[in-house]
Amino acid sequence: MTLISLDFALLWLVTGILYYVFPLKKRWTVLLFSSLVFYFAGGLSTGYFMLFTIVCIWLVALWLDKYNNIQKKYLNSHPELTRDEKKQYRLSVQHKKRLVLALGLVVCFGFLVFLKYFNFLSDQTFSVLHLFGVKAAAPKINLALPLGISFYTLQATSYIIDVYRGKLAAEKNPAKIALFVSFFPQIIQGPIGRYGALAPQLFEGNRFDPVKFRHGLELALWGVIKKLTIAEYIGLIADNVFDNYTEYTGFVIFLGSVAYGFQVYADFSGGMDIISGIAETFGIEMAVNFERPYFARSIAEFWRRWHITLGAWMRDYVFYPLSLSKAFAKMGKKTKKVFGTYIGKMLPTFLASFISFMLVGIWHGSSWKYIAYGLWNSVIITGSILLDPVYKRVIEKLKINTEAFSWRLFQILRTFFLVSIGRIFSRADSLRISLSMLKRMFSEFNPWVFTDGTVLNLGASGKQLILIFVMLLVLLVVGVMQESGMKLRKKLDEQNLLFRWIFIIAAVCFVLIYGAYGGDFNASDFVYQQF
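Read on for an overview of the structure.

Criteria and cut-off values
Residues numbered from 1 in each chain as written. Predicted model: local features only at pLDDT ≥ 70, side-chain atom pairs only at ≥ 80, totals over all residues. Heavy atoms only, no water. Core = buried A, V, L, I, M, F, W, Y, C linked by side-chain atoms within 4.5 Å. Buried < 20%, exposed > 50% of the residue type's maximum accessible area, 1.4 Å probe, protein only. Helix = DSSP H or I, 4+ residues; strand = E, 2+ residues; numbered from the N terminus. Contact = heavy atoms within 4.5 Å. Polar contact = N/O pair within 3.5 Å; in protein donor to acceptor, adjacent residues only side chain to side chain. 1 Å grid on protein atoms, 1.4 Å probe; cavity = no way out; pocket = protein on both sides within 12 Å on 5 of 7 lines; lining within 4 Å. Points joined across faces, edges and corners; volume = space filled by probe spheres on them. Nonpolar A, V, L, I, M, F, W, Y, C, P; charged D, E, K, R; others polar. Salt bridge = Lys/Arg side-chain N within 4 Å of Asp/Glu carboxyl O. Phe/Tyr/Trp six-rings, centres within 6.5 Å; stacked < 30°, edge-to-face > 60°. Lys NZ or Arg CZ within 6 Å of the ring centre and 35° of its normal.

**Focus: the nonpolar core**
In globular proteins that are soluble, nonpolar side chains generally tend to be buried together. Counting 136 residues, the largest nonpolar core has Leu31, Tyr159, Val181, Phe183, Ile284 and Trp303 as the members making the most contacts within it. Among the elements that line this core, the one with the most residues is helix H9 (residues 250–281), at 16 residues. Excluding its chain neighbours within four sequence positions, the residues that come into contact with Ile284 are Leu31, Phe183, Leu198, Gln201, Leu202, Asn206, Ser276 and Ala279.

Below you can see the structure in the form of structure tokens.
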């Protein structure tokens, strides 16, 4: 069952009716039942891994919460303790909590690593052993990857980490934990939710709000438009160039990467709009996952706008714990003596940022190309931090007005170029092919492809190219309006009822007439489902 299918539409319709019929405090049970139906419609065999994860974090959170409560009760009942005695007691409890948390993380990430990365790690290990004369075949597992495992694992572990930190009280009802992990609109491709923000909306029940319901449907429709009239058609160009890369060089390779960039943006953000829109019809506000990333002026800003919940997870649970750790602080002090104050001060930030973005790359898949993708982003971001003083001196000497539109446009185009280069790593079939494509792209300067008809014959027909151009223009205009702070759905609310109905009906008819479905298209598949 996928987001764009009659089965999913029927599930949403039945869920919506039952949700608003059930008593307010019991409405979460409707969402749980629908979530389990949605998940297990994909097969029973892999669903047990998710259920085991749910049981694991439920028990671990209760265990951690028990220690939190014991500590609080003990300290409250012993006001006579000195500061050092309180500190020693907290450290002793924290040590026990760390062991419990480690157990939970090992189990949750153990499933992810085993199911998603075992074959890759096995191949690499035995490739090294072959160099030393070991001729044994690498062991393999043949298990289907559970739906959404990369997403629900991060969501589940964020919950137990927050309980460990004392930010949350553990939920005693395992069924509610099951709903938090498996909420059916988001299980396929996120966004990666936080318990503190999502749980109250799921469990307390929401009354029917006609404005939220209408806004949810409008947002879902916009997501369908992006998916079916941009992602699917421009994907024809990307697929053609990447599948036949040996036939192309120079600008054509770059155009293929640009096409893939727009494809994955329209596909992923379109899916997010559908998910958020469906959730909003139940009165639930999902975390924002995209904020017009192609308006970013640096790679670091791009990742603050793209897949925001993944970046926020890495920031809160990897970057900050590493950069603020005692080990990194000691490393910074030692390197100050060798490399100077600036490098010593910034090295913990460099290294923590580097590790975080390497993990972002690895999270996407079990292949060297994803490691290279993470490395590409890591090097650029850490390099930009390292060279920031140099950039400022150059800008000052050249007397560049950093507030001018021309400078901002240059930064946006520069970032777009660097992002597009990185896309080659994530889209190519292998690291070897991605490197070959980069070599072919920079080996020939061929601007004539824009005038000799080459770019008009890259997999999309003339009519499809016109539609792609028009819809990218629409995407740009909508992005500019949103970037200026305009709330488009509220703006639509201000119009006369007749105009609103005409607008919505026209949008639906546009999708039905020009949307890509049937034939060679598989509109139900989303790029980020594979991750």
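More follows now that the structure is in view.
**Quick look at the environment of Thr29**
Secondary-structure assignment places Thr29 in helix H2 (residues 27–40). Residue classification places Thr29 among the partly exposed positions, given a relative accessible area of 28%. Residues Thr29 and His307 lie 278 residues apart in sequence; the distance between their C-alpha atoms is 29 Å. Only 2.5 Å separates the side chain of Thr29 from the backbone oxygen of Lys26, close enough to count as a polar contact.

**Thoughts on the side chain of Ser35**
By the element assignment, Ser35 lies in helix H2. On the accessibility criterion, Ser35 (0% relative accessible area) is buried. In this structure the side chain of Ser35 is engaged in a polar contact, spanning 3.5 Å, whose partner is the backbone oxygen of Ser182. Beyond its immediate sequence surroundings of up to four residues, Ser35 is in contact with Leu179, Ser182, Phe183 and Phe184.

**Let's talk about the layout of surface pockets**
Its boundaries defined by the atoms lining it, the second largest pocket holds a volume of some 790 Å³. Considering the residues around the second largest pocket, the lining is formed by 24 residues, among which Leu217, Ala220, Leu221, Val224 and Val508 are closest to the centre. Elements with a minimum of two residues in the lining of the second largest pocket: helix H1 (6–21), helix H8 (210–243), H9 and helix H20 (497–514). Of the residues contributing to the lining of the second largest pocket, the split by class is 20 nonpolar, 1 polar and 3 charged.

**Some points on the pattern of salt bridges**
Under the counting rule described, the total for this entry stands at 16 salt bridges. Note that Arg315 is salt-bridged to Asp316, the shortest N-O span being 2.8 Å. On the basis of relative accessibility, which here comes to 39%, the residue Arg315 falls in the partly exposed class. Taking the shortest distance from any N to any O, the salt bridge between Asp388 and Lys392 comes out at 3.3 Å. One end of the pair, Asp388, and the other, Lys392, are both in helix H15 (residues 388–397), 4 residues apart, so they sit about a helical turn from each other.

**Structural notes on the packing of aromatic side chains**
One pass over the structure, following the stated rule, counts 47 aromatic pairs. An angle of 55° between the planes, with centres 5.9 Å apart, marks the rings of Phe8 and Phe184 as tilted. Of this pair, Phe8 sits in helix H1 while Phe184 sits in the loop between helix H6 (174–182) and helix H7 (195–203), placing them 176 residues apart in sequence. Taken individually, Phe8 and Phe184 each receive the classification buried, so the pair is uniform in this respect. Pairing Trp303 with Phe357 gives two aromatic rings, centres 5.9 Å apart and planes at 70°, and the pair type is edge-to-face. Remark: Phe357 occurs in helix H13 (residues 341–364) and Trp303 occurs in helix H10 (residues 299–305); sequence separation between them is 54 residues. For the pair Trp303 and Phe357, a shared accessibility class is recorded, and that class is buried. Cluster of aromatic residues (ring-pair linked, three or more members): Phe262, Tyr265, Phe268, Phe290, Tyr294, Phe302, Trp303, Trp306, Phe357, Tyr373 and Phe416. Between the NZ or CZ atom of Lys226 and the centre of the ring of Tyr265, over which it lies, the distance is 5.6 Å. The lysine or arginine in question, Arg427, covers the ring of Tyr260, its NZ or CZ lying 5.9 Å from the ring centre.

So far we have only geometry, and geometry alone does not tell us how the molecule works.
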